[in-house]
Amino acid sequence: MWHGIDMCSLVYSFAFVPCACEHQGIVDDQFTQLRKLEDENSPHFVMEVASLFFEDCEKLINNMAIALEQKQGVDFKQIDECIHQLKGSSSSIGAMRVKNACIAFRSFSDGQNREGCLRCLQQLSHEYSLLKNKLQTLFRLEKQIVAAGGSIPRVH
Amino acid sequence: MVMAASETKFHVLAVDDTLIDRKLIEKLLKTSSYQVTAVDSGTKALEFLGLNNNDHQDVEVNLIITDYCMPGMTGYDLLRKIKESSSFKDIPVVIMSSDNIPSRINRCLEGGAEEFFLKPVQLSDVNKLRPHLMKRTQTNVNKRKAMDEIVSPDRTRARYNELEVN
């Protein structure tokens, strides 16, 4: 049933990815807390929350990009609201670097500094892409383990 | 009719306008064996309670946990509406916020909130809810025992006042 070394390396990678993420500061303890909540009743809890976060993040980044492009004047109040929302949801999922990028962004938004905001938005997009990449790797590994007949090691 | 409080799960009403946070608080509460109803606004919370329905309590809610920052009705506004209503003022209310603002925290606690949780809320926070629920349950059990002792076939008997229970 198990494919020998393949399963071992899958499970090893599955354990390694979150550790590496936490080590690099991509996620913090809150992400571990979410993984601990996953159980037989909600085996895809983290994936579901992450999907909601990806949708939210992409929408907000897009809205901010549009707002910053407005020739007749940037609505910094709208930018601020987007940042507040994103800071909240990144904090809830444990996306530490995204959250920190939001905090930095806020000071430029408060200062109504368009150039600064554009740089921050770029940084934010970068952090988001990094996180999404890592988490999708994790979820892909999870699916592979299950497909190969293994069970997901739970966090305690 | 006397209902033993230990037979049914405690029912928590969770209020948060953010979908991710709603999903998270719901999961935390279910993991702690609470029955959960989650709504996305203070207005919907009041509707669910039946506050608009002549102050009659439609459903049994044992605790309300609400986000502070919500469009329209804030968590504080909701707290005050609950505490000012005769039917619901005894329901414990807990407030959550992503912002650590001492004046906000004090205002909520002085306004009648039992606890103020900083987001992201964790299981250790949800564990703090149980004493507030247990306290209220004991009060209810005492009240029900007292009510059983009033023998009155007359439907127009005087309004019930708190009795001393042994």
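Counting of residues starts from 1 at the beginning of each chain's written sequence and follows it residue by residue. Just so you know, chain letters begin at A and ligand numbers begin at 1, following the order they were written in. Side-chain atom pairs in this predicted model are given and counted only at pLDDT of 80 or more, local residue features only at pLDDT of at least 70, and totals for whole chains, interfaces and linings cover all residues. Note that water and hydrogens are dropped before the side-chain values are worked out from all heavy atoms of the structure.

If you look chain B up in an unreviewed UniProt entry, it shows as Response regulatory domain-containing protein from Gossypium darwinii.

For chain A, an unreviewed UniProt entry supplies the name Histidine-containing phosphotransfer protein and the organism Gossypium darwinii. UniProt positions are given in the numbering used here, feature names are shortened, and annotations may be inferred rather than shown by experiment. Note on chain A: under the UniProt heading Function (unreviewed entry), the record states "Functions as a two-component phosphorelay mediators between cytokinin sensor histidine kinases and response regulators (B-type ARRs). Plays an important role in propagating cytokinin signal transduction."

> Could you give an account of the overall build of chain B, naming the residues involved and the relevant values?
In DSSP terms, a helix is any run of H or I states spanning at least four residues, a strand is any run of E spanning at least two, and both are numbered starting from the N terminus. Scanning chain B from terminus to terminus reveals six helices and five strands. From first element to last, N terminus to C terminus, chain B shows the α and β order β-α-β-α-β-α-β-α-β-α-α. Accessible area is worked out with a 1.4 Å probe on protein chains only. A residue is then buried under 20% of its type maximum, exposed over 50%, and partly exposed in between. Across the 166 residues of chain B, 43% fall into the buried class. Within chain B, residue pairs in contact and separated by at least 24 positions form 61% of the contacts whose partners lie at least 6 positions apart. Contacts are assigned to residue pairs with any non-hydrogen atoms lying within 4.5 Å of each other.

> Just give me the short version of the overall build of chain A, but keep the residues and values in it.
In terms of helices and strands, chain A carries six helices and zero strands. For chain A, the sequential pattern of α-helices and β-strands runs α-α-α-α-α-α. A principal-axis box enclosing the C-alpha atoms of chain A has dimensions of 65 × 25 × 25 Å. Looking at chain A as a whole, 46% of its 156 residues are labelled buried. Sequence-distant contacts in chain A: of pairs separated by 6 or more residues, those separated by 24 or more amount to 68%. For chain A, the centre of its 16 positive side-chain charges and the centre of its 19 negative side-chain charges are spaced 4 Å apart. Positive: Lys, Arg. Negative: Asp, Glu. His and the chain ends are not part of the count. Note on charges: their place is set at NZ of Lys, CZ of Arg, CG of Asp or CD of Glu.

> Residue-level account of the interface of chain B and chain A, with values.
Across the boundary between the two partners, chain B contributes 16 residues, which contact 17 residues of chain A. Taking both partners together, chain B and chain A bury about 1400 Å²; carbon and sulfur atoms supply 66% of that area. Buried area, as used here, totals the accessible surface that two parts lose on assembly, with accessibility defined by a 1.4 Å probe and the loss added over both. For the chain B face of the interface with chain A, the top three residues by lost area are Ile20, Lys23 and Lys27 of chain B, together amounting to 43%. The salt bridge criterion pairs a side-chain nitrogen of Lys or Arg with a carboxyl oxygen of Asp or Glu, the two atoms within 4 Å. At the junction of chain B with chain A, the criterion picks out two salt bridges. Salt-bridge contacts for Asp39 of chain A lead to Lys27 of chain B; the nearest nitrogen and oxygen are separated by 3.3 Å. N or O atoms closer than or at 3.5 Å make up a polar contact, with two conditions inside protein: a donor-capable atom paired with an acceptor-capable one, and, for residues adjacent in sequence, both atoms drawn from side chains. For the interface between chain B and chain A, the tally reads six residue pairs in polar contact (both at pLDDT 80 or more).

> So what's going on with the nonpolar core? Residues and values would help.
The criterion is simple. A nonpolar core is a set of buried Ala, Val, Leu, Ile, Met, Phe, Trp, Tyr and Cys residues joined through side-chain atoms within 4.5 Å. With 67 residues, the main nonpolar core has Phe53, Met64, Phe105 and Leu124 of chain A together with Leu29, Ile65 and Leu129 of chain B as its most contacted residues. Of all the elements, helix α3 (residues 45-69) of chain A adds the most residues to this core, at 13 residues. Residues in contact with Leu124 of chain A, not counting those within four places in the same chain, are Ile61, Met64, Leu86, Val98, Ala101, Cys102 and Phe105 of chain A.

> Tell me about helix α6 (residues 114-147) of chain A, and please be specific about residues and values.
What sets the pattern is the α-helix's 3.6 residues per turn: residues three or four places apart point alike. Residue and element names in this part refer to chain A. In this model, α6 (34 residues) spans 48 Å end to end at C-alpha, consistent with the 50 Å of a helix rising 1.5 Å per residue. A side-chain oxygen of the first residue of α6 lies 3.3 Å from the backbone nitrogen of Glu115; this N-cap is Asn113. Phi for Gly149, located one or two positions after α6, is positive at around 90°. For a helix, the expected span equals 1.5 Å multiplied by the residue count minus one.

> Which residues make up the UniProt feature "domain: HPt" (unreviewed entry) in chain A, and what are the values?
The positions that UniProt labels "domain: HPt" (unreviewed entry) are, in the present scheme, residues 42-148 of chain A. In residues 42-148 of chain A, helix accounts for 86% and strand for 0%; the two terminal C-alpha atoms are 20 Å from one another.

> Please provide a residue-by-residue account of the packing of aromatic side chains, values included.
Only the six-membered ring of Trp is used, alongside the rings of Phe and Tyr, when aromatic pairs are assigned; centres must lie within 6.5 Å, and planes under 30 degrees apart are stacked while those over 60 apart are edge-to-face, with the rest tilted. Throughout the structure, instances matching the rule amount to three aromatic pairs over all chains. Between Phe54 of chain A and Tyr128 of chain A, the aromatic rings sit 6.0 Å apart at their centres with planes inclined by 70°, giving edge-to-face as the arrangement. A residue pair is termed long-range when its members are at least 10 positions apart, and Phe54 of chain A in helix α3 and Tyr128 of chain A in helix α6 qualify at 74 residues. The pair Phe54 of chain A / Tyr128 of chain A is uniform in exposure class, with both members buried. Relative to Tyr34 of chain B, the ring of Phe10 of chain B has its centre 6.4 Å away and its plane inclined at 40°; by these criteria the two rings are tilted.

> So what's going on with the environment of Lys132 of chain A? Which residues, and what values?
The topology assignment puts Lys132 of chain A in helix α6. Once residues within four sequence positions are removed from consideration, Lys132 of chain A is found in contact with Phe54 and Glu58 of chain A.

> Lay out the UniProt feature "modified residue: Phosphohistidine" (unreviewed entry) in chain A with the relevant residues and their values.
Residue and element names in this part refer to chain A. The UniProt record annotates "modified residue: Phosphohistidine" (unreviewed entry) at His84. Summarising the element assignment, His84 is placed in helix α4 (residues 76-93). A residue is classified by how much of its surface remains accessible, and His84, at 29% relative accessible area, is partly exposed.

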